[in-house]
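Chains, contacts and geometry: an overview
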Amino acid sequence: MKNLIVATAQFENKSGDKAYNLNVINELSAKAAKMGVNAIAFHECSITGYTFTRKLSKEQLLDIAEYIPEGQSINKLQEIAKAHNIAILAGLFEKDLNDNLYKAYVCVDKNGLMAKHRKLHPFINPHLLPGEQYTVFDLYGWKCGILICYDNNIIENVRATTLLGAQAIFMPHVTMCTPSTRPGAGFVDPELWINRHDAPDPLRREFDGPKGREWLMKWLPARAYDNAIYAIFSNPIGMDDDQLKNGCSMILDPFGEILSECRSLDNEIVISELSPDKLSLAGGYRYIKARRPELYSHIIGQEHHAEQKVSWMK
């Protein structure tokens, strides 16, 4: 099992502008490939944009959604992957032949589609259906999983993906800098982004404080640590529709340590080399081995009605 070199990206997408977003994906993928990267991960709905779709009708959403793998965006991703000899992970909206709609995230390389995950807990638009299965796939000798944004906030999803064999989990998001019941949460003023070159410090304080990175650090390292997996977190930076996002795309190891993190106020990639030795050295590996499912399988698996509420979506 060879080491895997992975990049994670942050960039400011344009709502509904697939050509622009795919061009940025191409540029950052080319940059990563020159650095010897095997795979690069982009954020949730990085191809289409995300937050603007909360306002769309089903017909409008069907217009921007695509069939997978036949859609134009998947074909373009494959062209980019082939040109740079790199695997690319990116997100978009998917439709099927019955006009069902899903939030999807794909992995594509020069040979075509390697994996597709449908978000298990979508909420941005009421016409989106939830995915019904976990996703684990082979990526150059590594077993990798995909969980999209809110999927990662339900801890059972990360554990289940790990138990299915995932050694690294790609976690694409569009998150942070939104109101919630959590103390300190809230939107960040877009004016700070407009003035970021002249006055970066106020924006950085907002991005790194309780509205942003401080919240992320409460749970993301724990997902990696508890499950002894590499976590590849991707998030946009800049304006996504009318919301400002803070980036912080990062790669964490099975000890929950940050290996690399985007820290600029611009489009950026960072890379890390994943080594298999940490998978069994980390404490989470031992904890998984020590589990006693007979004590709690009937508790965790008991009948439950899922209720999903997002504070800022009121």
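Before reading further, recall that the structure is shown in the block above.
What comes next is a walk through the structure. Computed from a predicted model, the values in this text were never measured in an experiment.

Moving on, we get to the packing of aromatic side chains. The geometry of an aromatic ring pair is captured by the separation of the ring centres together with the interplanar angle, meaning the angle of the planes. Counted under the stated rule, the structure contains 6 aromatic pairs. Considering the side-chain rings of F11 and F42, the 6.0 Å spacing of their centres and the 75° angle between planes classify their relative orientation as edge-to-face. Here F11, found in the loop between β1 (4-10) and α1 (18-34), pairs with F42, found in the loop between β2 (39-41) and α2 (58-64); they are 31 residues apart in sequence, far enough to count as distant. The buried category is assigned to F42, whose relative accessible area is 0%. Taken together, F123, Y150 and W312 form an aromatic cluster joined through their ring pairs. Lying across the ring of W193, R196 places its NZ or CZ 3.8 Å from the centre.

Attention shifts here to the pattern of salt bridges. Within this structure, the stated rule accounts for 17 salt bridges. Note that K76 and E79 form a salt bridge whose closest N and O atoms lie 3.8 Å from each other. Of the two residues, K76 and E79 are both situated in helix α3 (residues 72-84); the distance of 3 residues between them amounts to about one turn of the helix. The closest approach of N and O atoms between E261 and R263, which form a salt bridge, is 3.5 Å. Owing to a relative accessible area of 35%, R263 belongs among the partly exposed residues under this scheme.

Turning our eyes to something else, we now look at the sheet that holds strand β3 (residues 87-95). Ordered by their spatial adjacency, 6 strands build an open sheet running β5-β4-β3-β2-β1-β14, and the pairing between neighbours is mixed. Whereas interior strands pair on both sides, the edge strands pair on one side only; in this sheet they are β5 (112-118) and β14 (268-274). Going across the sheet, the axis of each strand differs from the next one's by a mean of 30°, ignoring polarity. Relative to β5, strand β4 (residues 101-109) runs antiparallel, the two sharing 6 bridges. When the sheet's bridge partners are listed, D109 is paired in β5 with G112.

The rules behind these values
- Residues numbered from 1 in each chain as written.
- Predicted model: local features only at pLDDT ≥ 70, side-chain atom pairs only at ≥ 80, totals over all residues.
- Heavy atoms only, no water.
- Phe/Tyr/Trp six-rings, centres within 6.5 Å; stacked < 30°, edge-to-face > 60°.
- Helix = DSSP H or I, 4+ residues; strand = E, 2+ residues; numbered from the N terminus.
- Buried < 20%, exposed > 50% of the residue type's maximum accessible area, 1.4 Å probe, protein only.
- Lys NZ or Arg CZ within 6 Å of the ring centre and 35° of its normal.
- Salt bridge = Lys/Arg side-chain N within 4 Å of Asp/Glu carboxyl O.
- Pairing = 2+ DSSP bridges.
- Axes fitted to C-alpha atoms, helices over the stretch in contact; angles between N-to-C directions.

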